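# Coordinate analysis (summary)
Residue-level listing of the chains:
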Amino acid sequence: MDRYEGFHEFVRTRQQSLMRTAYLLTGNPHLAEDLLQTVLTRVASHWTKLAKGGNPEAYARKALVNQTISWRRRKQVELPAAELPEPAEPGQPHDEATVRRLVLRHALAKLTPKQRAVIVLRFYEDRSEHETAQLMGVSIGTVKSQTSYALSKLRALAPKEVYR
């Protein structure tokens, strides 16, 4: 049996979903690629064990969250500030969806790594409190409190039109 049997198939089928999560966690496409590469290397090194009885996707998602938090603790990763684009023609309003997306992305970048991870897992990936706690390696109470703090901070940072 090849040590990596099934790994290439796993990457082919789950890469896009994992990349989306990495992007949402980092807010930067280049950092997301680096994050996913690091995590997939770790998954590959544990593939034999994961393929036999583990859950490779859950392991990969938990590793994405943990690696993001670890990177931000070690070095303060600066994320680009979201600037509103100029209208195509003077007097033309911004596309509302684009403005909301940029404002929300900017607000997400201001959250702590744990708060951002909770928001990404709970609301972008539609995970339950229990699943989020397992993926982050924390208690359900921590997920609830981090969600509350994060949502309060987002409401303070983002204008009311984001929450229409």
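Look above for the structure.
Let me begin by describing the structure that accompanies this report. (Residues numbered from 1 in each chain as written. Predicted model: local features only at pLDDT ≥ 70, side-chain atom pairs only at ≥ 80, totals over all residues. Heavy atoms only, no water.)

Moving on, we come to the packing of aromatic side chains. Under the counting rule described, the total for this entry stands at three aromatic pairs. Ring geometry for F10 versus W47: centroids 5.5 Å apart, planes at 40°, classification tilted. Of this pair, F10 sits in helix α1 (residues 7–26) while W47 sits in helix α3 (residues 47–53), and the two are 37 residues apart along the sequence. For F10, a relative accessible area of 9% translates into the label buried. Take W47: its relative accessible area is 4%, and that puts it in the buried class. Here the aromatic residues Y4, F7, F10 and W47 are joined through ring pairs into a cluster of three or more. Directly above the ring of F123 sits R122, whose terminal nitrogen or CZ lies 5.6 Å from the centroid. (Phe/Tyr/Trp six-rings, centres within 6.5 Å; stacked < 30°, edge-to-face > 60°. Helix = DSSP H or I, 4+ residues; strand = E, 2+ residues; numbered from the N terminus. Buried < 20%, exposed > 50% of the residue type's maximum accessible area, 1.4 Å probe, protein only. Lys NZ or Arg CZ within 6 Å of the ring centre and 35° of its normal.)

If you look at the biggest cluster of nonpolar residues, it comprises 30 residues, and the most contacted ones within it are F10, L18, V39, V43, L64 and V65. Not counting residues within four places of it along the chain, the set of residues in contact with V43 comprises F7, F10, L50, Y59 and A60. Formed by eight residues, the second largest nonpolar core is a distinct cluster that contains V103, A107, L108 and I119. (Core = buried A, V, L, I, M, F, W, Y, C linked by side-chain atoms within 4.5 Å. Contact = heavy atoms within 4.5 Å.)

Helix length check: helix α8 (residues 140–157) (18 residues) gives 25 Å between terminal C-alpha atoms against 26 Å at 1.5 Å per residue, within 8%. For α8, the secondary structure elements touched by its buried residues are α5 (96–109), α6 (113–124) and α7 (129–136). (Expected span 1.5 Å × (residues − 1).)

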